[in-house]
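Descriptive structure summary
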Amino acid sequence: LGTSPRAVGNALRNNPYAPVVPCHRVVASTRALYGFDGQCGVNAPNLKKKRSLLEEEGVSFDDKSLVLERCVWDTQSYERNVKLDEEHSKSKMNAKKRGKS
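Below you will find a few notes about this structure. The shown structure was predicted, so the numbers you read here are calculated from the model rather than taken from an experiment.

Of regular secondary structure, the protein chain possesses three helices and two strands. Listed N to C, the secondary structure of the protein chain is α-β-β-α-α in terms of helices and strands. Taking all 101 residues of the protein chain together, 16% fall into the buried category. In the protein chain, of all internal contacts separated by at least 6 residues, the share reaching a separation of at least 24 is 35%. Summed over its atoms, the accessible surface of the protein chain is roughly 8200 Å², and 53% of this surface lies on carbon and sulfur atoms.

Right, let's talk about helix H2 (residues 47–56) for a bit. Residues lying three or four places apart along an α-helix face the same way, a consequence of the helix completing one turn every 3.6 residues. Turning to H2, its buried residues number three or more, namely Leu-47, Lys-50 and Leu-54. Down the axis of H2, the smallest arc covering the buried residues is 55°, so these residues share one side. Along H2, exposed side chains directed more than 90 degrees from the buried face belong to Lys-48 and Glu-56. If you follow the buried residues of H2, they end up packed against strand S1 (35–36).

A negative phi angle characterises most non-glycine residues, just as the trans form characterises most peptide bonds. Its identity is not glycine, yet Arg-31 carries a phi of approximately 75°, on the positive side. The phi angle at Ser-65 is positive, at roughly 65°, despite the residue not being glycine.

Taken as a whole, the second largest pocket spans an internal volume of roughly 180 Å³. Taken together, 13 residues line the second largest pocket, and the ones lying closest to its centre are Leu-33, Val-42, Leu-47, Arg-51 and Ser-65. Here the residues of the lining of the second largest pocket are counted per class, giving eight nonpolar, two polar and three charged.

Here we come to the nonpolar core. With eight residues, the main nonpolar core is built from Leu-33, Phe-36, Ala-44, Leu-47, Leu-54, Val-59, Phe-61 and Val-67. Contact partners of Val-59, with chain neighbours within four places excluded, come to Leu-54, Val-67 and Cys-71.

For the rest of this paragraph, the subject is the side chain of His-24. Tracing the sequence through the fold places His-24 in the loop between helix H1 (5–13) and S1. Since its relative accessible area comes to 5%, His-24 is described here as buried. Within the structure, His-24 has its side chain in polar contact with the side chain of Glu-57 (distance 3.0 Å). Every residue in contact with His-24, bar those within four places of it in the chain, is listed here: Phe-36, Lys-50, Leu-53, Leu-54 and Glu-57.

The rules we used
Residues numbered from 1 in each chain as written. Predicted model: local features only at pLDDT ≥ 70, side-chain atom pairs only at ≥ 80, totals over all residues. Heavy atoms only, no water. Helix = DSSP H or I, 4+ residues; strand = E, 2+ residues; numbered from the N terminus. Buried < 20%, exposed > 50% of the residue type's maximum accessible area, 1.4 Å probe, protein only. Contact = heavy atoms within 4.5 Å. Areas by Shrake-Rupley, 256 points an atom, 1.4 Å probe, with all protein chains shown as cover. Arc of directions from axis to C-beta. 1 Å grid on protein atoms, 1.4 Å probe; cavity = no way out; pocket = protein on both sides within 12 Å on 5 of 7 lines; lining within 4 Å. Points joined across faces, edges and corners; volume = space filled by probe spheres on them. Nonpolar A, V, L, I, M, F, W, Y, C, P; charged D, E, K, R; others polar. Core = buried A, V, L, I, M, F, W, Y, C linked by side-chain atoms within 4.5 Å. Polar contact = N/O pair within 3.5 Å; in protein donor to acceptor, adjacent residues only side chain to side chain.

Structure (structure tokens):
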């Protein structure tokens, strides 16, 4: 996303809406669990709780405790799909305008 990991972590740590706003779904770019519930580091005690929440949601891990790649949201695909949706909406609107004229 091109953002600072420290800034993202700070925002997540101060999330007053957890678990409604599910900050536990954020993992490190290496697919490792790193921080949760105000604690950070690969040995943080609360990471067991984070892993448990993720597993309850269907996230799987490999033998090194990394989130499996198939469980990671690809932001580039998302951004591409948003752009395609916007283009599709614009073309539908233009078609309607042409039909009404």
